[in-house]
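Coordinates in review
Residue-level listing of the chains:
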Amino acid sequence: MHAEALLTRSRNLLIWLLVGMLIESTVSMAETSRTFQRAVVVNTQKYEPDSVHYNKRMDAPVSATEYDYDISIRLNCSIYVGRYLSAIDYLPGAFAADRSVEVSLGKHVMSVRVPGAADIKMGIVRRYSAPGNSCGGSR
């Protein structure tokens, strides 16, 4: 009976190990399957909320992080505005105006490749057509 229990535990451990490896490889494949495109930073502005929101459990207002920025990035004929959140007063130099960056777009998130650092994910807060004649019209 003891040998049978040991065999069952070994089999279960092997199954969990294989499941873990499968999950890790699936996540890894999803990360590497993102396609990055060349884009240009249009401008960077410190994010200032329009109004004060209050926490339901407290009377204190919920404020934005002190170091939040809206980063406008032009990709083809569209400008995407992503919100960069930082816990410290740091904005990567890659977000300077007229800098070329590599961007991967998701449904509500954009990932920006920053040389020498991990990809930065930002929530997309706005999208609009780029002004000018280079995209077939002006708005």
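Report on the accompanying structure. (Residues numbered from 1 in each chain as written. Predicted model: local features only at pLDDT ≥ 70, side-chain atom pairs only at ≥ 80, totals over all residues. Heavy atoms only, no water.)

Attention shifts here to the packing of aromatic side chains. According to the stated counting rule, one finds 1 aromatic pair in the structure shown. The positively charged end of Arg83 is found above the aromatic ring belonging to Tyr47, 3.5 Å away from the centroid. Just above the ring of Phe36 sits the side chain of Arg113; from NZ or CZ to the centre is 3.7 Å. (Phe/Tyr/Trp six-rings, centres within 6.5 Å; stacked < 30°, edge-to-face > 60°. Lys NZ or Arg CZ within 6 Å of the ring centre and 35° of its normal.)

Attention now goes to the side chain of Ser78. You can see Ser78 is positioned in strand S5 (residues 78–84). Using a relative accessible area of 9% as the deciding quantity, one classes Ser78 as buried. At a separation of 3.0 Å, a polar atom in the side chain of Ser78 contacts the side chain of Arg127. (Helix = DSSP H or I, 4+ residues; strand = E, 2+ residues; numbered from the N terminus. Buried < 20%, exposed > 50% of the residue type's maximum accessible area, 1.4 Å probe, protein only. Polar contact = N/O pair within 3.5 Å; in protein donor to acceptor, adjacent residues only side chain to side chain.)

Taken in spatial order, the 6 strands close into a barrel running S1-S4-S5-S8-S7-S6, and their pairing is antiparallel. Between one strand axis and the next, the sheet turns through 45 degrees on average, direction left out of account. Two elements, strand S1 (residues 37–46) and strand S4 (residues 69–75), share 6 bridges in a ladder whose sense is antiparallel. When the bridges of S4 are listed, Thr44 appears paired with Ile71. (Pairing = 2+ DSSP bridges. Axes fitted to C-alpha atoms, helices over the stretch in contact; angles between N-to-C directions.)

Within the largest apolar cluster, 17 residues are counted, with the highest numbers of intra-cluster contacts made by Ile71, Ile73, Val101, Val112 and Met122. Breaking this core down by element, the ones donating at least two residues are S1, S4, S5, strand S6 (100–105), strand S7 (109–113) and strand S8 (120–129). For this core, the leading source of residues is S4, giving 4 residues. Setting aside its immediate chain neighbours within four residues, Val101 contacts Gln37, Arg38, Ala39, Val41, Ile73, Ala94 and Val112. (Core = buried A, V, L, I, M, F, W, Y, C linked by side-chain atoms within 4.5 Å. Contact = heavy atoms within 4.5 Å.)

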